[in-house]
Amino acid sequence: MAPSSETIIAAFEQSGIIPVFYHDDESICLEVLQACYDGGLRVFEFTSRGENARKNFAAMRDRKLAAMPDLYLGIGTIKNAADAAIYAGMGADFIVCPVADPETAAYCRSENITWIPGCMTPTEISVAEKNGAGLVKLFPGNVLGPGYVKSIKPLFPQLKFMPTGGVEPTQLSMDAWFDAGVVCVGMGSNLLSRSLIESKDWSGLKEKIMQTFAFLSAMK
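Predicted model, so just to flag it, every value in this text is computed and none were measured.

### Topic: the overall build of the protein
Phase 1 of the analysis: On a plain count of helices and strands, the protein comes out with 11 helices and nine strands.
Phase 2 of the analysis: Expected size for 220 residues packed as a compact globule is a radius of gyration near 17 Å; at 16 Å, the protein falls within 12% of this value.
Phase 3 of the analysis: Expressed as lengths along the three principal axes of its C-alpha atoms, the size of the protein is roughly 45 × 40 × 25 Å.
Phase 4 of the analysis: Counting every position in the protein, which comprises 220 residues, the buried fraction comes to 52%.
Phase 5 of the analysis: By sequence separation, contacts in the protein at least 24 residues apart represent 60% of the contacts at least 6 residues apart.
Phase 6 of the analysis: If you sum the accessible surface of the protein, you get close to 9,600 Å²; carbon and sulfur atoms cover 51% of it.
Phase 7 of the analysis: Across the protein, the mean location of the 19 positive side-chain charges is 2 Å away from that of the 24 negative side-chain charges.

### Comments concerning the packing of aromatic side chains
Phase 1 of the analysis: This model, assessed by the stated rule, comprises three aromatic pairs.
Phase 2 of the analysis: Ring centres of Tyr22 and Phe46 lie 5.3 Å apart, and the angle between their planes is 40°; this geometry places the pair in the tilted category. In this pair, Tyr22 sits in the loop between β1 (17-21) and α2 (26-38) while Phe46 sits in strand β2 (residues 43-47), placing the two residues 24 residues apart along the sequence.
Phase 3 of the analysis: Classification of Phe46 as buried rests on a relative accessible area of 0%.
Phase 4 of the analysis: When the centroid spacing of 5.4 Å and the interplanar angle of 90° are considered together, the rings of Phe57 and Tyr87 count as edge-to-face. With Phe57 in helix α3 (residues 53-67) and Tyr87 in helix α4 (residues 81-89), the pair connects residues that are 30 residues apart, well separated along the chain.

### Examining the sheet that holds strand β8 (residues 160-163)
Phase 1 of the analysis: With parallel pairing, three strands are arranged side by side in an open sheet as β6-β7-β8. Among the strands making up the open sheet, the edge pair consists of β6 (118-119) and β8.
Phase 2 of the analysis: Of the pairings in the sheet, the one linking β6 to strand β7 (residues 135-138) comprises two bridges and is parallel in character. In the sheet register, Gly118 faces β7, and the bridge partner there is Lys137.

### Topic: the side chain of Thr212
Phase 1 of the analysis: By the element assignment, Thr212 lies in helix α11 (residues 202-219).
Phase 2 of the analysis: Not counting chain neighbours up to four residues away, the residues in contact with Thr212 comprise Ile17, Pro169, Met174, Met187 and Leu191.

### A word on the state of the cysteines
Phase 1 of the analysis: Counting across every chain of the model gives zero disulfides.
Phase 2 of the analysis: Cys108 provides the cysteine sulfur closest to Cys97, a residue in no disulfide bond, and the two sulfurs are 6.2 Å apart.
Phase 3 of the analysis: Of all cysteine sulfurs in the structure, the one in Cys97 sits closest to Cys119, which takes part in no disulfide; the separation is 9.7 Å.

Rules used throughout
- Residues numbered from 1 in each chain as written.
- Predicted model: local features only at pLDDT ≥ 70, side-chain atom pairs only at ≥ 80, totals over all residues.
- Heavy atoms only, no water.
- Helix = DSSP H or I, 4+ residues; strand = E, 2+ residues; numbered from the N terminus.
- Rg over C-alpha atoms; globule rule 2.2 N^0.38 Å.
- Buried < 20%, exposed > 50% of the residue type's maximum accessible area, 1.4 Å probe, protein only.
- Contact = heavy atoms within 4.5 Å.
- Areas by Shrake-Rupley, 256 points an atom, 1.4 Å probe, with all protein chains shown as cover.
- Lys, Arg positive; Asp, Glu negative; His and termini not counted.
- Charge placed at Lys NZ, Arg CZ, Asp CG, Glu CD.
- Phe/Tyr/Trp six-rings, centres within 6.5 Å; stacked < 30°, edge-to-face > 60°.
- Pairing = 2+ DSSP bridges.
- Disulfide = S-S within 2.5 Å.

In structure tokens form, the structure reads like this:
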């Protein structure tokens, strides 16, 4: 049974940094997951973006169950209820969507699995709120920017926000987003550096994650 939405959203807030990742190679997926875990991250979003997505997610879920009892592993890039059902059945802890799709929301609600929709406009955010979202992904973050968060937060005082896309693992970028009022940030290749992954420098990747965590700690 999936953890409650309250538990998941609290974990997102506590982590502050949410890695967003996909790779076709199962062994690389497992190494990146391990580096994130060893670096202190306890939430991980794997994206359903390639032909090996299900197979690799299953391997990551098995690693999580065997060696990472306190990790929340979810699936992203879910655009419909049918795909949400597949990954919920495979043990996903949460479902992240690039869109605010009411059918996916209804499915997640029926299965008590956390639904985190992606939104860009106030109307989309309102749809997300009406369909039970507690945490909304602002996407693409590089287009919207921290100023957008400051503008919309007063309109939706009950919601929590997470930008994904365009967040840099720097003190300046992290300060700007968190000062605007987000509770966490999603980061893909800016955090999970392609060059480090291609060279299989897993200790370097872990160091980068720990360094980014330090920027977060410096703000508190």
